There are 2 protein chains.
Amino acid sequence: MGNDSAGRIESALRSWAGTAPPGARLPSTRALVAQYGASPVTVQKALRKLSALGIVETRPGVGTFTRSVRPGSPADFGWQTAALGTPRTRAGALSSTQRASVPDAIQLHSGYPARELLPERLVRAALIRAARTDAALTRTPASGLPALQAWFASQVAAATPPGLAPPSPREALIIAGSQSGLSSIFRALVGPGQPLVIESPTYWGAILAAEQAGVVLVPVPSGPVGPEPEEVERAFALSGARAFYAQPNFANPTGAQWSRETGQAVLDIVRGRNAFLIEDDWAHDLGIDTDPAPLIGHDHDGHVIYLRSLTKSVSPAMRVAAVIARGPARDRILSDRAAESMYVSGLLQSAALDVVTQPGWTTHLRAVRQQLKTRRDLLAESLRDGAPDVDLHQLPPGGLNLWARLPDGTDVHHLVRECESRGLIIAPGTEWFPAEPSGPHIRLNYSCEDPARFPDVGRILHQAMSLAR
Amino acid sequence: MGNDSAGRIESALRSWAGTAPPGARLPSTRALVAQYGASPVTVQKALRKLSALGIVETRPGVGTFTRSVRPGSPADFGWQTAALGTPRTRAGALSSTQRASVPDAIQLHSGYPARELLPERLVRAALIRAARTDAALTRTPASGLPALQAWFASQVAAATPPGLAPPSPREALIIAGSQSGLSSIFRALVGPGQPLVIESPTYWGAILAAEQAGVVLVPVPSGPVGPEPEEVERAFALSGARAFYAQPNFANPTGAQWSRETGQAVLDIVRGRNAFLIEDDWAHDLGIDTDPAPLIGHDHDGHVIYLRSLTKSVSPAMRVAAVIARGPARDRILSDRAAESMYVSGLLQSAALDVVTQPGWTTHLRAVRQQLKTRRDLLAESLRDGAPDVDLHQLPPGGLNLWARLPDGTDVHHLVRECESRGLIIAPGTEWFPAEPSGPHIRLNYSCEDPARFPDVGRILHQAMSLAR
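Residues numbered from 1 in each chain as written. Chains lettered and ligands numbered in written order. Predicted model: local features only at pLDDT ≥ 70, side-chain atom pairs only at ≥ 80, totals over all residues. Heavy atoms only, no water.

(A) Structural detail: the sheet that holds strand E7 (residues 226-227) of chain B. All names here are of chain B. As summarised here, the arrangement of the eight strands in space is E4-E11-E10-E9-E8-E5-E6-E7, forming an open sheet in which the pairing is mixed. One side of each edge strand has no neighbouring strand; the edge strands of this open sheet are strand E4 (172-175) and E7. Here two bridges tie strand E5 (residues 195-200) to strand E8 (residues 243-246), and the two strands are oriented parallel to one another. Bridging across to E8, Val197 finds its partner in Phe244. Packed on one face of the sheet, helix H11 (residues 328-341) meets E4, strand E9 (276-280), strand E10 (304-309) and strand E11 (321-324) and runs near 20 degrees to E4. (Pairing = 2+ DSSP bridges. Helix = DSSP H or I, 4+ residues; strand = E, 2+ residues; numbered from the N terminus. Contact = heavy atoms within 4.5 Å. Axes fitted to C-alpha atoms, helices over the stretch in contact; angles between N-to-C directions.)

(B) Summary view of the packing of aromatic side chains. Counted under the stated rule, the structure contains 18 aromatic pairs over all chains. Ring centres 5.0 Å apart and planes at 70 degrees place the aromatic pair Trp151 of chain A and Phe152 of chain A in the edge-to-face group. Exposure class is identical for Trp151 of chain A and Phe152 of chain A. Each is buried. Seen from their ring centres, Tyr203 of chain B and Trp204 of chain B are 5.7 Å apart, and the 50 degrees between their planes marks the pair as tilted. Like Trp204 of chain B, Tyr203 of chain B is buried. Taken together, the ring pairs in this structure connect Phe236, Phe244 and Trp258 of chain A into an aromatic cluster. Positioned over the ring face of Tyr112 of chain A is Lys312 of chain A, at 4.5 Å from the centre of the ring. Arg319 of chain A extends its terminal NZ or CZ atom over the ring of Tyr343 of chain B, reaching a point 4.2 Å from the ring centre. (Phe/Tyr/Trp six-rings, centres within 6.5 Å; stacked < 30°, edge-to-face > 60°. Buried < 20%, exposed > 50% of the residue type's maximum accessible area, 1.4 Å probe, protein only. Lys NZ or Arg CZ within 6 Å of the ring centre and 35° of its normal.)

(C) Region of interest: the pattern of salt bridges. All chains considered together, the criterion is met by 50 salt bridges over all chains. For Arg375 of chain A, the salt bridge identified is with Glu116 of chain A, shortest N-O distance 3.4 Å. With Arg375 of chain A in helix H13 (residues 359-386) and Glu116 of chain A in the loop between strand E3 (106-107) and helix H5 (120-131), this pair connects stretches of sequence that are 259 residues apart. On the basis of relative accessible area, Arg375 of chain A is assigned to the buried category, the value being 4%. Here Arg376 of chain B and Asp289 of chain B are joined by a salt bridge, their closest N and O atoms 2.7 Å apart. Placement of the pair is Arg376 of chain B in helix H13 (residues 359-386) and Asp289 of chain B in the loop between E9 and E10, with a sequence separation of 87 residues. (Salt bridge = Lys/Arg side-chain N within 4 Å of Asp/Glu carboxyl O.)

(D) Up close: the pairing of strand E5 (residues 195-200) of chain A. All names here are of chain A. With six of six residues buried, E5 is to be regarded as a mostly interior element. A two-sided burial pattern is seen for E5, the buried positions comprising Pro195, Val197 and Glu199 on one face and Leu196, Ile198 and Ser200 on the other. In this sheet, strand E6 (residues 216-223) lies alongside E5 in parallel orientation, the contact comprising six bridges. Residue pairing across strands places Pro195 opposite Val216, the latter belonging to E6. Handedness of the E5-helix H8 (residues 204-212)-E6 crossover: right-handed. (Right-handed = clockwise from strand over helix to strand, strands pointing away.)

Below, the structure is given as structure tokens:
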């Protein structure tokens, strides 16, 4: 009887679909069950049949629709070529860190930590609490939820020596992730055609945001304790730049942390040049051997523009970050954010504040530090044992990545492909250089994959390297 | 009891901090536990609250201190004047629609509907469900959650006549609210220094986004059935523009809906000019007398770039919208979004999809339509009765606002101030004009205030008008 029923439903829906416009929505399974007095299994069977015949299409989670057919002649987008002209920035720049995951492969290419490193219980509880408050139904000011602004400001206050003024809550502007902060800062404080000093290598997302803003990059090499102050001074002098984008703590990709002397010297240069230091403290919660020491703590007159995000330490779904800026620079950035996106979802702001003010948050951060250390050391050991040609220089004191120098003459993109064919996905170092790479590098994220798979990494890399010279 | 204790300690420490010098050290947690007979957890809770409020600051490993105020010498931001130069767009543009609410006043200035018009139960339930899924802890692709892309595409498919191809899910790009869509579209498809045809009056947020993108606005007057096609043709011809930003359904601020003939004629002009029509369907869910008829349904070759947001109909905390675009234009917009913000919170996307696919959603939309009609008619009646000099021209067939023409010679900003001093907050019409206003107008949102207060509006307006001539 099931079969006959399914046939009956199929034929009724088929005639209905014949007269309905393409894209018309079928009644829900539940409604069809009621209408035809059949079981859900029978209804599903009829729908599957119609779908296989190309008469309807099911959009998971949405519903079933009569199939929309493309007309005989394909759409002609040729006219857009002239309307759009050539792109101002390289189009379609998708980083290899954003590749979809590859089943079964060992994946060290992502920019995000594994789920085990996220405070899952705190995140879910905070979101559920926020869903029950006003935050679920109201709009927040363009500058953010005042209590969350106060929290970001208080975090910097904790790093401010006595006698210096910490930022006020109104100087902390809430944004939807630090990428939008970088875009606004580059647009509002630098601008198209203007120079921006930048470390090399540095975060590819910053390079992308700067290119989008039409900014001219002025790279300075940066090593394990930061850039040479003389190089920074020279870059400012030659370019006339008024801003320097840098990651003084646990830089992405190298993991480097600037020495206290370098930080002080760079701050002095920036002050002397009447310029901004754009300090990206992306890994504030991801220290391993040391704690982060944000330079904004030593700023008094608004030279440091500070960025801190919760996306990597709280949850990728919690797109919440802050820009801390003082003086007219703050107003310029806020004005750009308001024009760009008006405001950030108060639900996410409220939930993020909930997470970071729970007692469980500090406990969680301590556990993450230990896990990152174990993971970093295990991956480094695998490389030392299996691929002794790879130079790690020094272990990063924090962050999520190993940055590895390969022997001269290694073809990095060839290596990446050889690794991939052996089930290991890594990111070519080229993406982190604003200009030509200083040598062949790869970046290996030790926080995203199951560490039980790390022991194979060195061996696979070694095999692949022998074919990529 | 925990809560009361924490509150008691918080309030005691607050008064103490009010008299203590900045930087004074608080007693240790242990001492406070003894002093107040509370648990360490309760004391910590009180301290966290004070810290979030910016009253005290905790320096880990050192102690808790009353907040150190700015040092005697105020910070000197003068150097930023030269570093920043003059702003490229008018700075600090905050619309009067974004003003904070004024207690006790009758508030008709906001751009958002009142909470009673939101599907509160559906929103809370959807957020709670999403908080329990993977969406709370994972990243989504830059183009959006595939099922939500499919839903936005299917909505347009429902408005596509048979024979024409509806957009595919991949052509629907998810964005965090339509303001960020406008910014990306203007940057990616028009660009700095390039002309953009725009209705006058039109949405102030679009004017702001266009200014931020450095676009040159080319206004055409637009009436109750849309712009005159001849004016549109002339604007394209004289400016050489390749794009037209318009709101064919329930325009903000006028509520106008284009006639079918106007829509067809404008589409023909746009096709003939090899140009884009940027169709902002912001009020798709807010029809009253008619249904929206999106022009994208009649597009085949990617001339219409379509924007639809759920922020106003689902919840202001649900910053989720979509841009539908075809051909290379889609890739340009996606590329700009990726550089600007990488991706949109999957939690919000997942919850938004949940809301709009519940059976309760259509029931809700029907109820909203009825409420909007009642509110619109009640406010219009109050104006007709109390302020007969105000010309409403015709009732808007949809949207959230009455757009009123005032007698010639009325000083709109004076009127707004006179109304405010009488407890009525309204928005001056000037903000919706890309150039000089065509006459004195005000915008009155009938969806945000308690309609029980509408009967007073006409009278107050009339009194204020007599003083603002």
